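Letter by letter, the chains look like this.
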Amino acid sequence: PGRAPDANGWYNHALTVGFTGADATSGVASCTQLNYAGPDDPSVALTGTCSDAAGNVSGTSTFTLKYDETAPQATATPSRPTDANGWYNRSLVVTFAGSDTTSGLDVCDPAKTYSGPDAASASVSGSCRDLAGNASPRSFGLKYDATGPQVTATPGRAANGNGWYSAPIGVTFTATDGISGVASCDAPKTYSGPDSSTASLSGTCLDQAGNARSASLPVKYDATAPATTATPGRTPDSNGWFNRALTVTFGATDGMSGLDTCDTAKTYSGPDVGSATLSGACRDKAGNSASSSYTLAYDATVPSVTAAADRAPNAAGWYRAPVTVSFTGGDATSGLASCQGAKSYSGPDSSTASVAGTCTDRAGNVGNGSVGLKYDATAPAVTATPGRSANANGWYNAPVGVTFAGADATSGTAACDAVRTYSGPDTASTSVAGSCSDQAGNSASGSLTLKYDATAPQVTGATPARQPNATGWYAAPVVVSFGGADATSGIEGCSAPSYSGPDTASGSVTGSCSDKAGNPSASSSFALKYDATAPAVTAASSRAADANGWFNHPLSVSFSGTDGTSGIASCDAAKSYAGPDTASTSLGGSCRDEAGNAASASLALKYDATPPAASASAARAANAAGWYSAPVAVSFTATDVTSGLASCDAAKTYSGPDTTGASVGGTCTDKAGNPASPSLLVRYDATAPAATA
């Protein structure tokens with residue numbers, strides 16, 4: 001057989017059975033080869049024979065095998081029925097069994113336990129194998145849900161306040177189940193007291209797989225209003241009267257849910273009245289509320305007060321020197337008692353300054369009066385700003401306008417000098433000055449220091465980073481550095497460009513310099529010759545191949561080149577080849593151009609100078625004692641290990657004359673054209689002997 005059995009001596013897929021033989025004389029010519037791919041059979045007999053070169057057929061030989069390519073019958077069986085509505089909600093075991101009618105059952109997978117994950121279409125898989133190695137998979141499909149539903153207890157309405165209910169509340173129970181689905185939930189429930197901070201309503205839901213889960217809604221319940229009070233912030237000012245604003249606060253106590261909020265304190269500040277009332281309410285955390293009130297007598301009217309400056313401000317409404325303010329007053333109810341004396345103002349600077357004083361009436365009310373004024377005794381801060389940024393490194397290389405602005409934190413800037421322009425001469429340090437005044441009449445000056453250079457630098461030379469590669473030519477990229485000079489700001493930098501082509505006998509590299517003020521120079525050039533391209537090289541044979549692309553005697557290969565830019569400098573001398581024999585070799589050489597670039601080329605060749613190994617043989621054995629007595633054909637054969645055999649002469653027949661040694665010869669030639677001359681010595685006698693009696 002072409003392979004070993006698949007399992008336990010059984011084959012389970014197609015195989016090939018070959019028969020072999022032996023023959024000591026003419027040799028075996030062929031033997032039977034059989035393919036078997038069924039049907040299943042525990043005893044298959046395959047019979048074959050062999051034939052020798054003389055046409056003789058052997059007796060039969062039989063190979064017996066067992067064949068089964070059919071998988072066994074398999075089953076998967078659960079250990080118990082479902083828990084509810086076709087669903088499992090706890091672990092189960094699935095066992096696997098099988099049968100096979102041909103090779104017989106070998107083994108089945110051991111029982112497997114399923115305990116999750118939850119799934120509406122889970123499966124437990126296993127297989128059985130017969131003795132021939134065939135396997136039969138089997139799965140048991142199931143629905144599995146071991147997780148109870150997610151149960152939610154939902155109040156029929158929002159709490160009255162801070163999570164507390166102050167009136168009856170209904171609770172409904174709902175659920176979700178992402179696997180088997182919800183089967184049922186408890187009916188709604190209602191809570192209506194007693195007051196409690198720890199009450200609750202609970203309910204249960206079932207899913208389709210029989211899993212149960214409960215949920216509770218905590219209920220805080222308070223239906224009783226709090227006890228409230230109203231309290232003044234202080235005692236009356238005089239004789240039971242308040243003459244300034246009074247604040248009344250509201251408070252309460254609550255024995256269940258606790259106090260949540262009370263109305264904010266209320267302030268009474270008029271009108272004047274003999275009997276005023278302030279009321280407010282408090283609420284507990286369950287939303288229950290109650291109110292209380294406070295009654296008072298009130299007179300808070302202050303006397304009128306007038307303040308007057310001793311002089312008027314400037315035209316813009318500002319003072320910049322000290323000013324005196326005096327105060328007078330009046331009161332229509334209790335009468336004026338007194339006023340403060342005059343006051344002087346001399347700072348600080350302010351656009352909203354004021355000088356205030358008071359008058360007091362006989363009821364103890366104090367009136368305030370003030371005069372507003374704007375005061376600025378400080379000169380503005382002056383800034384000189386260029387109209388644009390410096391051109392480079394803090395230097396200007398073209399005219400620049402300088403603007404003057406004033407900053408005055410109090411009265412503000414009134415006017416500044418017009419823009420002033422600087423356009424030379426070149427200098428490392430100069431300044432442009434101007435002044436500003438504020439609204440109060442104060443003035444100050446400021447200036448800008450700058451550096452100015454409007455003159456371009458000069459380029460003083462160009463220097464290549466290295467010498468040419470050969471004969472004044474560059475054959476690889478070269479960097480050329482340029483130098484320069486500047487009398488004012490100094491040189492900032494010069495370019496260092498690189499030349500990397502194209503190839504040319506008259507190339508150039510252009511560069512420039514710039515000074516620190518950003519002025520660029522005129523450009524300058526550096527001339528060069530450039531050739532980075534290797535020459536084109538050719539390898540040529542001194543003669544054509546001898547036969548079929550093969551050389552069979554010495555040849556030479558010469559090398560030449562062309563270069564379109566710098567021209568050819570030299571090429572390698574010609575090379576000769578005279579062996580050894582080979583089906584693949586090459587002769588290579590190179591050429592260089594005037595720029596030093598080199599390239600190579602080679603000539604591939606096949607070489608065979610050795611004739612083939614040839615022989616001559618008779619078509620049959622001699623008749624007797626090494627003599628032929630009838631015509632005999634002589635054939636010619638040869639081999640060649642290098643180029644291979646091309647041809648041999650056809651067979652030649654010798655039929656006389658009788659001789660003790662005739663030479664029958666021919667010619668064989670290999671693909672390289674080398675000849676060989678094989679021959680066979682024939683002893684020939686076709687004449688019967690003369691007989692006498």
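The shown structure was predicted, so the numbers you read here are calculated from the model rather than taken from an experiment.

Trainee: In this structure, what is going on with the sheet that holds strand β50 (residues 536–541)? I would like to understand it.
Mentor: By way of backbone hydrogen bonds, the strands of a sheet pair with one another, either parallel or antiparallel. Taken in spatial order, the three strands make up an open sheet running β50-β52-β54, and their pairing is antiparallel. Two strands in the sheet have a free side with no partner beyond their single neighbour: β50 and β54 (575–577). For this sheet, the mean angle separating the axes of adjacent strands, direction not counted, is 25 degrees. Judged from the three bridges that link them, strand β52 (residues 555–562) and β54 form a sheet pairing that is antiparallel. Residue Val557 lies in a different strand from β54, and its bridge partner there is Lys575.

Trainee: Quick question: what am I supposed to make of the nonpolar core here?
Mentor: Soluble globular proteins: nonpolar side chains tend toward being buried together. Counting 15 residues, the largest nonpolar core has Ala153, Val171, Tyr191 and Val219 as its most contacted members. Elements with a minimum of two residues in this core: β14 (150–155), β16 (169–176), β19 (196–207) and β20 (212–221). Look past the residues within four positions of Ala153 in its chain and what remains in contact with it is Val171, Thr172, Phe173, Ala215, Ser216 and Leu217.

Trainee: Looking at this model, I keep getting lost on the sheet that holds strand β10 (residues 105–108). Mind explaining?
Mentor: Pairing is antiparallel across the open sheet formed by three strands, whose spatial order is β10-β12-β13. Edge positions in the open sheet fall to β10 and β13 (135–144), since each of these has one partner strand only. Direction aside, neighbouring strands of the sheet carry axes that sit 25 degrees apart on average. Where strand β12 (residues 119–130) and β13 come together, nine bridges link them in antiparallel fashion. Bridge assignment links Ser127 to a residue of β13, and that residue is Pro137.

Trainee: Would you mind showing me how to read the packing of aromatic side chains here?
Mentor: Pairs of aromatic rings are described using the distance from one ring centre to the other and the angle between the two planes. Here the structure, examined in full by the defined rule, presents nine aromatic pairs. Residues Tyr422 and Tyr452 carry aromatic rings whose centres are separated by 5.2 Å and whose planes lie at 75 degrees to one another, so their mutual orientation is edge-to-face. Highlighted residues: Tyr422 in strand β39 (residues 420–422) and Tyr452 in strand β41 (residues 443–452), separated in sequence by 30 residues. Take Tyr422 and Tyr452: they sit in the same class, and that class is buried.

Trainee: Got a minute to help me understand the state of the cysteines in this structure?
Mentor: Here a disulfide denotes one covalent bond, and it connects the sulfur atoms of two cysteines. In this structure the tally under the stated criterion is nine disulfides. Paired through a disulfide, Cys31 and Cys50 show a sulfur-sulfur distance of 2.0 Å. Residues Cys31 and Cys50 share a disulfide whose torsion about the S-S bond is about 110 degrees; that sign makes it right-handed. With Cys31 in strand β3 (residues 28–31) and Cys50 in strand β6 (residues 50–52), this residue pair connects regions lying 19 residues apart in the sequence. Of the residues examined, Cys31 reaches a relative accessible area of 28% and is grouped as partly exposed. On the basis of relative accessibility, which here comes to 10%, the residue Cys50 falls in the buried class.

Conventions and cut-offs
Residues numbered from 1 in each chain as written. Predicted model: local features only at pLDDT ≥ 70, side-chain atom pairs only at ≥ 80, totals over all residues. Heavy atoms only, no water. Pairing = 2+ DSSP bridges. Helix = DSSP H or I, 4+ residues; strand = E, 2+ residues; numbered from the N terminus. Axes fitted to C-alpha atoms, helices over the stretch in contact; angles between N-to-C directions. Core = buried A, V, L, I, M, F, W, Y, C linked by side-chain atoms within 4.5 Å. Buried < 20%, exposed > 50% of the residue type's maximum accessible area, 1.4 Å probe, protein only. Contact = heavy atoms within 4.5 Å. Phe/Tyr/Trp six-rings, centres within 6.5 Å; stacked < 30°, edge-to-face > 60°. Disulfide = S-S within 2.5 Å.

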